[in-house]
Amino acid sequence: MMEGLVIAELGESENEGCICRGGRKIIGLEFDIFDRPIDIRVGISSEEARLADIVPLAWSISAKIANLAVEKIREEGGQVPCRQGCSACCRYLVPVSVPEAFRMMEGILNIPEGSRRVMLRRCFLTARRILLERPPKSFTYQSGETLSVSESEMNRVANWYSCLKLVCPFQHRNSCTIYESRPLACREHFVKGSARGCRGGRGTAEVIEMPIQMPEALCLLASEFEGGGMEAVMMPLMPAWYEENKQRSEKKYPAAAMVELFGEILKAMVEEKTVLSAT
């Protein structure tokens, strides 16, 4: 539904009709994943959009892609043990794109004060441990700093982070306290194999590679609109980073242009993946 949202995926009953309704434009995003079509209609109001406004659409597209990936594995006879309530992967490094960081912090700041204080304190304690340990290359958390992260550098930081054995600050009693607004890196993390394998026990657990890396797509989108390098934030550092970058969260851009560019980025990723798979 469009009510209250500048950018929103439309349901099937809302897809019919003219291109513009009451000042709202409808844009179609179409691409194939695993030789299956994904066809999405996006309603855009006449207002301008903040970077955070694109995130619910990214969540929705990510869920559709993940469902197709999991369905494909199961059709091939594989098992995917991942489910809500499992916390086996909640010690991994979680990079958060700029649009996600803005969206997630909005949600965190709107929860009841008591729960919010607990979350922010856990982030502070985890962030302090991270900074004391001096990561190989820090993610952005101060105003004006940007970071272009290569795959090899990301792997190096991820390996360093795993050695710290830190529990996600948003985890409580093996449950994610921000599950509905969790980062895309978490939403896209699925394994093929067994739950025991995930925990280092008997069995195997192989990470499923998604055909589109949605966090990277959002990083590219933010980079294009803000005119800087690709930027990511370690999730525990997100509250401190947000305090230094609040003004950026309120900057607005043409909503239609944002959705159109996002669609172009996703289509380019799909095409690149198709070419690589064919070689």
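Residues numbered from 1 in each chain as written. Predicted model: local features only at pLDDT ≥ 70, side-chain atom pairs only at ≥ 80, totals over all residues. Heavy atoms only, no water.

The next thing to look at is the packing of helix α2 (residues 98–109) against helix α7 (residues 214–226). At a minimum axis separation of 7 Å, α2 and α7 run at an interaxial angle of 100 degrees. Considering their axes alone, α2 and α7 lie roughly perpendicular with respect to each other. Along the contact surface, α2 presents Val 98, Pro 99 and Glu 100, while α7 presents Pro 215, Leu 218, Ala 222 and Glu 226. Residues of the contact of α2 with α7, tallied by class, amount to 5 nonpolar, no polar and 2 charged. (Axes fitted to C-alpha atoms, helices over the stretch in contact; angles between N-to-C directions. Helix = DSSP H or I, 4+ residues; strand = E, 2+ residues; numbered from the N terminus. Parallel < 35°, antiparallel > 145°, perpendicular 65-115°, else oblique. Contact = heavy atoms within 4.5 Å. Nonpolar A, V, L, I, M, F, W, Y, C, P; charged D, E, K, R; others polar.)

Below, the discussion takes up the pairing of strand β4 (residues 36–44). As judged from the 3 bridges shared by strand β1 (residues 7–9) and β4, these two strands associate in the antiparallel manner. The residue bridging Ala 8 from the neighbouring strand is Gly 43, located in β4. The pairing of strand β3 (residues 24–33) with β4 spans 9 bridges and is classified as antiparallel. Bridging from a neighbouring strand, Gly 28 pairs with Arg 41 of β4. The loop that links β3 with its antiparallel partner β4 comprises 2 residues; one of these, Phe 34, has a positive phi angle of about 55 degrees. (Pairing = 2+ DSSP bridges.)

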